[in-house]
Amino acid sequence: MPGYVSMSDLPTDISHDQHAVRRQKLAEMRAAGSDPFRANVATTHFSGDALKAYVDGQENTVQVTVAGRLVVIRDMGKSQFVKILDQQGQIQLYVKKDVVGEAAYLAFKKLDLGDIVGATGTLFKTKTGEVTVRVDSYVLVAKALRPLPEKWHGLSDPETVYRQRYLDVIVNPESRARLMLRSKVVSHVRRFLEDRQFLEVETPVLEATAGGAAARPFVTHHNALDVDFFLRIATELRLKRMLVGGFDRVFEIGRIFRNEGVSRRHNPEFTMLEVYQAYSDYRGMMTLIRDLMTSLVRDVIKPADGSLKIKHAASGQDIDFGGEWREVKYKDLIREATGDADWFARSKAEKIAKAEAMGLGINPAWEEFEITNEIFSKRIEPTLIQPTFVTHLPKELCPLAKITPDDPTTIDVFELTIGGMEVAPAYSEQNDPDVQRQMFEAQAGEEKQNIDHDFLLALEHGMPPAGGMGVGIDRLCILLTGAESIRDVILFPQLRPGA
RNA sequence: GGGUCGAUAGCUCAAUGGUAGAGCAGCGUCCUUUUAAGUCGUUGGUUCUGGGUUCGAAUCCCAGUCGACCCA
């Protein structure tokens, strides 16, 4: 019969195919009336809490029910030591034929690495001193049909690490710790700000005008309204509207989208904290960010030596958050880097010649401040390892800040640079609607339609003087965890679809 | 967008243009306090995809896919 394949023609030895072996075990369990996917377990402890519940010297008195994924199996014949992994980490289980009974023991022997089980038993300490659950009963609550990556080397293929992050965090403890730390960082930031009477608000991701930063936005389309919307590139202009509305201290930890390159430092979507505080200014923001950073290091990172220092792998230095935070003017850094006290008086041609002599590629179409800023971002910023407030930036770099009272060419801002990376820019926020309009118009050039007139209308209603700050949460996490790439602190970094 | 490098068993990695291997995992055996447990045996490959060169290609060439790094 054409196309007919008899059962005897099918390969009968599936022992090499782990997926097939596991599927067969599942089929047998279902046939026997015990479907793991219809079972559950009522846990009493996470692994770490169970370990703490052990009372020294009191063997098998404290009962716990724990659950997690089988990550280690040591089969010793009539007993097994296994380890399960849950949110808090690993805990060892000791399964003994005498204790659980013959049938349950035989079934336990059929479990595979990766299976998710619950177990009830009592705590004891093994002869090597590890607190362990002596299992009285257990239940399989999910069958892993696919094998885990190897236990010793873990998972190292970067593509699999990013695409199947769940495997990475199961087998690579450093990844797990790093990504969990991110959650703790965000949680700490929230508590820190709430303690200071800041209100967390949520503003739109879809906007008719993408403002508040210079970046290319993603475009999408609203069908019912039949209009294009942009995904926000900043939360700034929305949050300032709330200052107008009398929400005097607001913040948002929001996803920002910028339709630009993907690199070690850039993901198309990233998380930014923006904070606004009425009746403050950029100097107030200095105190705020410094307190925030030092408390993060002290309470979340908790350096082992009790200091406020973090290793910076790229430079080999320790970044000391407990020391003096340097404050330096942008123009002074430029004068120092170029060795030219009169840099800002030089012609454009002279600036280009010098920048090229410094090994920089200069686009002749650039404005003079862009040439200068290329020197800053390529030759100065990477050298600023210790926490440094760069102040008095040229006004062209940001149209949303107040002009410095005694220098019309600079603005009342700082850019906090740590580990050679820009971590947090902050301004004394521009609240003069007329100056704001002029700055917008100067920046927009011919593209007047990009001006957010609704924001200017809000300013005309009166915005209190305020300090504002943006903090790149991803970069903050890179810094705090010593990660090499933004992809290491984002659960699911953007990759090309496929494979 | 340009350059460099990479893709081999489930995972981590080997393999002068000449029969694709190892460790772990898997499968079978022994073992009731292990710590990468140990022990004896054993299965497993579209060498990323598609072309080309060659008597012969994991290996050389071309194109593509995906990824990493550097540059713009």
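What you are looking at is a predicted structure, and each value in this text was computed from that prediction instead of being measured.

### A word on the protein's contact with RNA strand B
Within the structure, RNA strand B sits among 42 residues, and Arg74, Asp98, Thr128, Glu159 and Arg487 are positioned closest to it. Across the atoms of RNA strand B situated within 4 Å of the protein, the share located in sugar and phosphate is 64%. In the environment of RNA strand B, a phosphate oxygen lies 2.6 Å from a nitrogen or oxygen atom belonging to the side chain of lysine 151. Listing elements by their share of the surface near RNA strand B, those giving two or more residues are helix H1 (18-31), strand S1 (63-75), strand S2 (79-86), strand S3 (89-96) and helix H5 (158-163). Element by element, the count of residues in the surface near RNA strand B is highest for H5, at four residues. Split by residue class, the surface near RNA strand B holds 13 nonpolar, eleven polar and 18 charged.

### Observations concerning H1
With 14 residues, H1 extends 20 Å between its outermost C-alpha atoms, agreeing within 8% with the 20 Å of an ideal straight helix rising 1.5 Å per residue. What H1 keeps buried is the set Arg22, Lys25, Leu26 and Met29. The arc that holds every buried residue of H1, seen down its axis, measures 100 degrees, which confines them to one face. Packing partners of the buried residues in H1 comprise strand S5 (131-142). The residue sitting at the N-terminus of H1 and contributing the capping side-chain oxygen is aspartate 17; that oxygen lies 3.1 Å from the backbone nitrogen of histidine 19. Among the residues trailing H1, glycine 33 stands out with phi positive, at a value near 85 degrees.

### A short note on empty space enclosed by the protein
Applying the stated criterion across every chain, the model contains one cavity of 30 Å³ or more. What the largest cavity holds in volume is close to 40 Å³. Forming the boundary of the largest cavity are Glu207, Thr209, Gly211, Ala234, Thr235, Leu237, Arg238, Arg241 and Asp452. Of the residues forming the lining of the largest cavity, the biggest block, three residues, is contributed by helix H8 (residues 236-244). For the lining of the largest cavity, the residue count by class is two nonpolar, three polar and four charged.

### So, the confidence of the model for chain A
Here chain A shows a mean pLDDT of 94. Residues at 70 or above account for 97%. Here residues 1-11 scores under 50 on pLDDT; set against residues more than four positions off or in separate chains, the count is one contact. This prediction of the complex comes with two scores: 0.93 for pTM and 0.94 for ipTM.

### A closer look at the pattern of salt bridges
Counted by the stated rule, this structure contains 29 salt bridges. Note that lysine 311 is salt-bridged to aspartate 318, the shortest N-O span being 2.8 Å. Assessed through its relative accessible area of 59%, lysine 311 is described here as exposed. Across the pair lysine 378 and glutamate 374 runs a salt bridge, and its minimum N-O distance is 2.8 Å. On the criterion of helical spacing, the pair formed by lysine 378 and glutamate 374 is a turn pair, its members being four residues apart in helix H12 (residues 368-380). When its relative accessible area of 44% is taken as the criterion, lysine 378 is described as partly exposed. Linked by salt bridges that have partners in common, Lys25, Asp112, Asp115 and Lys143 make up one network.

Here is what the cut-offs are and how they apply
- Residues numbered from 1 in each chain as written.
- Chains lettered and ligands numbered in written order.
- Predicted model: local features only at pLDDT ≥ 70, side-chain atom pairs only at ≥ 80, totals over all residues.
- Heavy atoms only, no water.
- Near = heavy atom within 4 Å.
- Polar contact = N/O pair within 3.5 Å; in protein donor to acceptor, adjacent residues only side chain to side chain.
- Helix = DSSP H or I, 4+ residues; strand = E, 2+ residues; numbered from the N terminus.
- Nonpolar A, V, L, I, M, F, W, Y, C, P; charged D, E, K, R; others polar.
- Expected span 1.5 Å × (residues − 1).
- Buried < 20%, exposed > 50% of the residue type's maximum accessible area, 1.4 Å probe, protein only.
- Arc of directions from axis to C-beta.
- Contact = heavy atoms within 4.5 Å.
- 1 Å grid on protein atoms, 1.4 Å probe; cavity = no way out; pocket = protein on both sides within 12 Å on 5 of 7 lines; lining within 4 Å.
- Points joined across faces, edges and corners; volume = space filled by probe spheres on them.
- pLDDT = per-residue confidence, 0-100.
- Salt bridge = Lys/Arg side-chain N within 4 Å of Asp/Glu carboxyl O.

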